[in-house]
Amino acid sequence: MADENIDAFRSVSRKPGLQIWTINRMEMVPVPAQGFGNFFEGDCYIVLYISQNQNSSADIHYWIGNSSSQDEQGAAAIFVTQLDEYLGGSPVQHREVQGSESSRFRSYFKNGLIYKKGGVASGFHHVETNVYNILRLLHVKGRKHVTATEVEVSWNSFNNGDIFLLDMGKAIVQWNGPQSNRREKLKAVLLAQDIRDRERGGRAQIGVVEGGDEEDSPELMKVMRAVLGQRTGPLKEAVPDDKPDLAQNSNVRLYNVSDNSGKLVVQEVATQPLTQDLLRSSDCYIVDQGGSSVLVWKGKQASKEERRSALSRAVGFIKAKNYPSSTNVEVMSEGGESAMFKHLFKSWTENDQTQGLGTAYTMGKIAKVDQVKFDVMELHARPELAAQQRMVDDASGDVQVWRIEDLELAEVNPSTYGQFYGGDCYLVLYTYQRSNKQQYILYMWQGRHATQDEITACAYQAVNVDNKYNGAPVQVRVIMGKEPRHFLAIFKGKLIIFEGGTGRPGVVNPEPGARLFQVRGTHELNTKATEVPARASSLNTNDVFLLKTDRLCYLWYGKGCSGDERVMGKAISDALSKQDKQVVMEGQEPAEFWVALGGKAPYASDKRLQKEEPPHSARLFECSNQTGRFRMAEVDDFAQSDLDEEDVMLLDTWEEIFLWIGNAANQYETKEACNSALGYLRTHPAGRDPDTPIISVKQGYEPPTFTGWFNAWDPHKWSDMNNTNLSKSPVGLGPGGGGYRAPGGPMTPPPVYKLHGGDRSPRSPRPSSPSSPASQRAQSSLSMALSPSFGGPPSPSSGGTVSPSFGVTRSPSPGGTMSPSAGGTMSPSAGGSQLYLDPELLINKAPSELPQGVDPSQKEDYLSDVDFENLLGTSRPDYQRLPKWRQNDLKKQAGLF
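Keep in mind it's a predicted model, so treat the numbers as computed, not measured.

Engineer: Before we go on, may I ask you to explain the pattern of salt bridges in this structure?
Structural biologist: Once the charged atoms of two side chains with opposite charge are near each other, the side chains can pair. Counted according to the given criterion, the structure contains 28 salt bridges. One salt bridge in this structure joins Asp-466 and Lys-698, with 3.1 Å as the shortest N-O distance. Highlighted residues: Asp-466 in helix H11 (residues 452-468) and Lys-698 in strand S34 (residues 694-698), separated in sequence by 232 residues. With a relative accessible area of 5%, Asp-466 lands in the buried category. The structure contains a network of salt bridges with shared partners spanning Arg-136, Glu-150, Asp-167 and Arg-200.

Engineer: I would appreciate a short explanation of the pairing of strand S7 (residues 113-116) in the present structure.
Structural biologist: It is a general feature of regular strands that their side chains alternate between the two faces of the sheet. What you see with S7 is no split at all: Leu-113 and Tyr-115 on one side and Ile-114 and Lys-116 on the other are buried throughout. Strand direction decides the pairing type here: strand S3 (residues 38-40) and S7, joined by three bridges, are parallel. In the strand pairing of S7, Phe-39 is matched with Tyr-115. Across three bridges, S7 lies against strand S9 (residues 147-151) in parallel orientation. The residue of S9 that forms the bridge with Leu-113 is Thr-147.

Engineer: What should I look at first to understand H11 in this one?
Structural biologist: Since the α-helix packs 3.6 residues into each turn, any two residues three or four apart lie on the same face. For H11, with 17 residues, the first-to-last C-alpha span of 25 Å sits near the 24 Å given by 1.5 Å per residue. For H11, every residue scored as buried is listed here: Glu-454, Ile-455, Ala-457, Cys-458, Gln-461, Ala-462, Val-465 and Asp-466. Packed against the buried residues of H11 are strand S18 (398-405), strand S19 (408-411), strand S21 (425-434), strand S22 (437-446), strand S23 (474-479) and S34. Once H11 ends, the next one or two residues include Asn-470, with phi positive near 55°.

Engineer: Where do I start with the environment of Asn-181 in this structure?
Structural biologist: Within the secondary structure layout, Asn-181 lies in the loop between strand S11 (171-176) and helix H4 (182-199). Classification of Asn-181 as partly exposed rests on a relative accessible area of 28%. Along the sequence, Asn-181 and Arg-143 sit 38 residues apart, while their C-alpha atoms lie 8.7 Å from each other.

Engineer: Honestly, the packing of aromatic side chains in this entry has me stumped. Any pointers?
Structural biologist: Considering all chains together, one arrives at 34 aromatic pairs under this definition. Ring plane angle 50° and centroid distance 5.8 Å describe the contact between Phe-39 and Phe-105, whose orientation is recorded as tilted. You can see Phe-39 sitting in strand S3 and its partner Phe-105 sitting in helix H3 (residues 103-107), a full 66 residues away along the chain. On the accessibility criterion, Phe-39 (0% relative accessible area) is buried. Between the aromatic rings of Phe-158 and Trp-175, the centroid separation amounts to 5.1 Å while the plane-to-plane angle is 85°, which identifies the pairing as edge-to-face. Within this pair, whereas Phe-158 is found in the loop between S9 and strand S10 (163-167), its partner Trp-175 is found in strand S11, the two being separated by 17 residues in sequence.

Engineer: Honestly, the sheet that holds strand S28 (residues 553-557) in this entry has me stumped. Any pointers?
Structural biologist: Hydrogen bonds between backbone atoms are what pair the strands of a sheet, whose relative direction is either parallel or antiparallel. Ordered in space as S20-S24-S26-S25-S27-S28-S29, the seven strands form an open sheet in which the pairing is mixed. Each of the sheet's edge strands pairs with one partner strand only, and the pair in question is strand S20 (419-421) and strand S29 (581-585). On average, each strand axis in the sheet is tilted by 20° relative to the strand beside it, whichever way the strands run. Bridging between S28 and S29 involves five bridges; their strand directions are parallel.

Engineer: Can you help me understand the pairing of strand S27 (residues 544-548) in this one?
Structural biologist: Across the five residues of S27, four count as buried, placing the element largely inside the fold. The pairing of strand S25 (residues 515-520) with S27 spans five bridges and is antiparallel. Looking across to S27, one finds that Arg-515 is bridged to Lys-548. Examined bridge by bridge, S27 and S28 share five bridges and lie antiparallel to one another. Bridged to Val-544 within S28 is Tyr-557. What sits between S27 and S28 in their antiparallel hairpin is a turn of four residues.

The rules behind the values
Residues numbered from 1 in each chain as written. Predicted model: local features only at pLDDT ≥ 70, side-chain atom pairs only at ≥ 80, totals over all residues. Heavy atoms only, no water. Salt bridge = Lys/Arg side-chain N within 4 Å of Asp/Glu carboxyl O. Helix = DSSP H or I, 4+ residues; strand = E, 2+ residues; numbered from the N terminus. Buried < 20%, exposed > 50% of the residue type's maximum accessible area, 1.4 Å probe, protein only. Pairing = 2+ DSSP bridges. Expected span 1.5 Å × (residues − 1). Contact = heavy atoms within 4.5 Å. Phe/Tyr/Trp six-rings, centres within 6.5 Å; stacked < 30°, edge-to-face > 60°. Axes fitted to C-alpha atoms, helices over the stretch in contact; angles between N-to-C directions.

Structure below.
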């Protein structure tokens, strides 16, 4: 890279977080933080995101506006390549097109993207704080990720299905289409609040009109008609949302890319499932997901020219394939592959990690796997450890086992716990304590030779047991031979799996003669014995085997097994057979041993290198079957807040599939959740094992093996919901703004908000009719904000500024008045009204900077209920139940300590 280009990147920060530049006169110009999320359609942008994980991985996105010039697009692509080199070549590069942005890109802007007309070069600004001479209409679309596009300020822009924000500077009116849903309304509210707080310093007022009940908001409609005129004729019908590419595309192909004599040469190498050994460090490759996305991989030893031209080659590939120009593109270097890229491969091995029975990826190193001794308190304190080890506790809880007999549940004798027959199905209920509360896991073990009726009955009986415990159990589907780690642990090293037969009393299984069992495990938490064909070729030099004959039981110790494995082999042999035991060392077998196996034969005798689990990152998806086929939308950089109570979410940790079922998820999605997970596995481009364990988790009953995949899990988030069955999510602000909804239930009366100086605190949970004084006051306050006497006219031709606001509000209890005085202090008169302050007057303020009379140690008491929840992430009642240290920790994070 030239020296002048290096100088251009001196201001690039390597700290975690988001940085954005726009291309202006072929130069990178930083965008202020207040402008993040605003994108001019006539420009191109470069977005750098550095994560907070240990590796500080980076992603570089270059965003192309629909009206941007070819010169700007070319300049942006060059800057992306140079920025990638400046950062050492490790970032993943992404090409983003307006309207078709990737979910990862959208995840950076939680409140949505705003597309603005024009471009920076035309003299526009991303954000001018506290400027009120504004008139625009934003068309809001999207449920999970919101986009808002500037449209003509006219009734002709409206339709029945979407939401529109009429932004008049000092006031923002949200108009909800009659066919818009609850989540879309809530997302639009958050966007309106974001515009108010970021661009208007918190001093704009927000009102909400329900398009199907406009007569309930006469004052707000008066404001809208003053700007838009009288509406004539019906509104347009709902426009279906653009269908992003949510389908998992299993049509994956790998291409080798070369530039032969200046011409792009693309040669197909393989189709799915792909394996890592197809990638050579000396070349570059393209992975094509059936046109839904294109991923470019740059080998470390590829030429500099090949690496620099990777992005342009991807664009050339898209054109050659006649794919849409909006097709998403990812470019990555060897060693810096994205999670999406790794998930397309059957297996993935990092440096210093061994590859199964082969040689280590880095020569001369042998993997050593530390056996984790589980400390139950440590697992509860560190849910990330519980998730990685797939252990909710130390397996010391209570176990109850049933077998399916005649399609009904039959209790299994505790003396035979741990013995599972391939011709049966079982239910295993595990009960344990966490935070002084009973927790349950219900395992559904399905034998390989069980009938379809028994498998169906097993699922049916699991529902009955689940209902008995009020839906609290976590349900885990276990296929014979795919038992998860915790399932092994609860049987304390005595788990024996018989290939066929049944454990039903009174049923005589056919005598198979000699039976051979392979024992794997080093302690009681990870050991099981699995029946294998009783022949010499089944042996393996690295394991312990038990050969059970009519006369005695042989313990065969392979040369590669450890002392711990031998101890566990001896322990499980006592559970398998009461016969005499004879130890047989590999190479010293008596003739009778080989006779019982049908004679000597070659078997696996190479020293096995321990295979570690492939390091696939966990991925979260929102599931939907609305189109008649399984579709999913990935949630990037996911957090607990992304778990939507109205959805079924799929968490893929590679070794397991979690299905999280929200309390308000519709019945069809809940019923079809397991089929959806099976469809996900079946269509996965990496050729996933269809017997991967599937675990159903209900909202509010998440085990640490699930919560540990989330960086910060709040166990109190849904505690009120579990107690009251009420989801307190405001769906609107002001008259006609909707209300609260219980999961799966009807809407309840909305809260009434006083719209003054940015106040968002609920006045009363009682319904507010248009004729009520409360409703009239709330609407007229916003109408008054636009009147000439208040500082600005309501017409498009008028301008003006707004009077300064002190950000002080009071609760609506009768009596008492409040007058702001200089410096933002308060002087409440008699009457005892609760005073609330704008959060900006409290956050990160020293005692001397606080308004007069505010207790520095109790700043949270001066917040409205809504501001309290937004800043602290919990309700007041939940906050009061937390220990003092936890309260202080939340206050520190919010800047209120």
